[in-house]
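Per-entry structural report
As a plain string of letters, each chain reads:
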Amino acid sequence: MKIVAVTACPTGIAHTYMAASELTKAAQQLGVQMMVETQGAMGIENQLSFQDIGRADVVLIASDIEIEHRARFTGSKIHCVTIEEVLTDPAGVINRCKEL
């Protein structure tokens, strides 16, 4: 399974990057291919390409704010969660993506 994700929090500092790290670790443990774009204080980092999005089975949006350029994901299966959900149970979030 391939998942692309976007993480973003209101301040765009710690939680954005913590969530990206937790998702990456959990995906590796679960045997899931994961690419994570962060939208934080430094702007958009590791920006997902249209090809990345098109190859993904699911788009995971882990955010407590509106993400930038959301229209890129139109037509994709999207699963939205809060940053807190990712920080408390990253494997559970990924497993829910697998069920979509």
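Conventions used here
Residues numbered from 1 in each chain as written. Predicted model: local features only at pLDDT ≥ 70, side-chain atom pairs only at ≥ 80, totals over all residues. Heavy atoms only, no water. UniProt positions renumbered as here; feature names shortened; annotations may be inferred. Pairing = 2+ DSSP bridges. Helix = DSSP H or I, 4+ residues; strand = E, 2+ residues; numbered from the N terminus. Axes fitted to C-alpha atoms, helices over the stretch in contact; angles between N-to-C directions. Contact = heavy atoms within 4.5 Å. Core = buried A, V, L, I, M, F, W, Y, C linked by side-chain atoms within 4.5 Å. Buried < 20%, exposed > 50% of the residue type's maximum accessible area, 1.4 Å probe, protein only.

- If you look the chain up in an unreviewed UniProt entry, it shows as protein-N(pi)-phosphohistidine--D-fructose phosphotransferase from Photobacterium lutimaris.
- Within the UniProt record for the chain, the comment given under Catalytic activity (unreviewed entry) is "D-fructose(out) + N(pros)-phospho-L-histidyl-[protein] = D-fructose 1-phosphate(in) + L-histidyl-[protein]".

**Some words on the sheet that holds strand S5 (residues 78-81)**
- The strand order across the open sheet formed by five strands is S3-S2-S1-S4-S5, and the pairing between neighbours is mixed. The open sheet has two edge strands with one neighbour each: strand S3 (43-45) and S5. Adjacent strand axes in the sheet meet at a mean angle of 15°, parallel and antiparallel pairs treated alike.
- In terms of strand pairing, strand S1 (residues 2-8) meets strand S4 (residues 58-63) through six bridges, oriented parallel. Among the inter-strand pairings, Ala5 is bridged to a residue of S4, identified as Leu60.
- Packing against the sheet, helix H1 (residues 14-30) makes contact with S1, strand S2 (33-40), S3 and S4, and its axis sits at approximately 180° to S2.
- Running at roughly 155° to S5, helix H4 (residues 90-99) makes contact with S1, S2, S4 and S5 of the sheet.

**A word on the environment of Arg96**
- Relative to the elements of secondary structure, Arg96 occurs in helix H4.
- On a C-alpha basis, the gap between Arg96 and His79 in space is 8.5 Å, while along the polypeptide they are 17 residues apart.
- When residues no more than four places from it in sequence are discounted, the contact partners of Arg96 are His79, Val81 and Glu85.

**Examining the nonpolar core**
- In this structure, Ile3, Leu23, Met34, Leu60, Val86 and Ile94 are the most contacted members of the largest nonpolar core, which totals 20 residues.
- When contributions to this core are tallied by element, the ones reaching two or more residues are S1, H1, S2, S4, helix H3 (83-88) and H4.
- Residue contributions to this core peak at five residues, all from H1.
- Every residue in contact with Leu60, bar those within four places of it in the chain, is listed here: Ile3, Val4, Ala5, Val6, Leu23, His79, Val81, Val93 and Cys97.
- Counting ten residues, the second-largest nonpolar core is a separate cluster that includes Val6, Ile53, Ile67 and Phe73.

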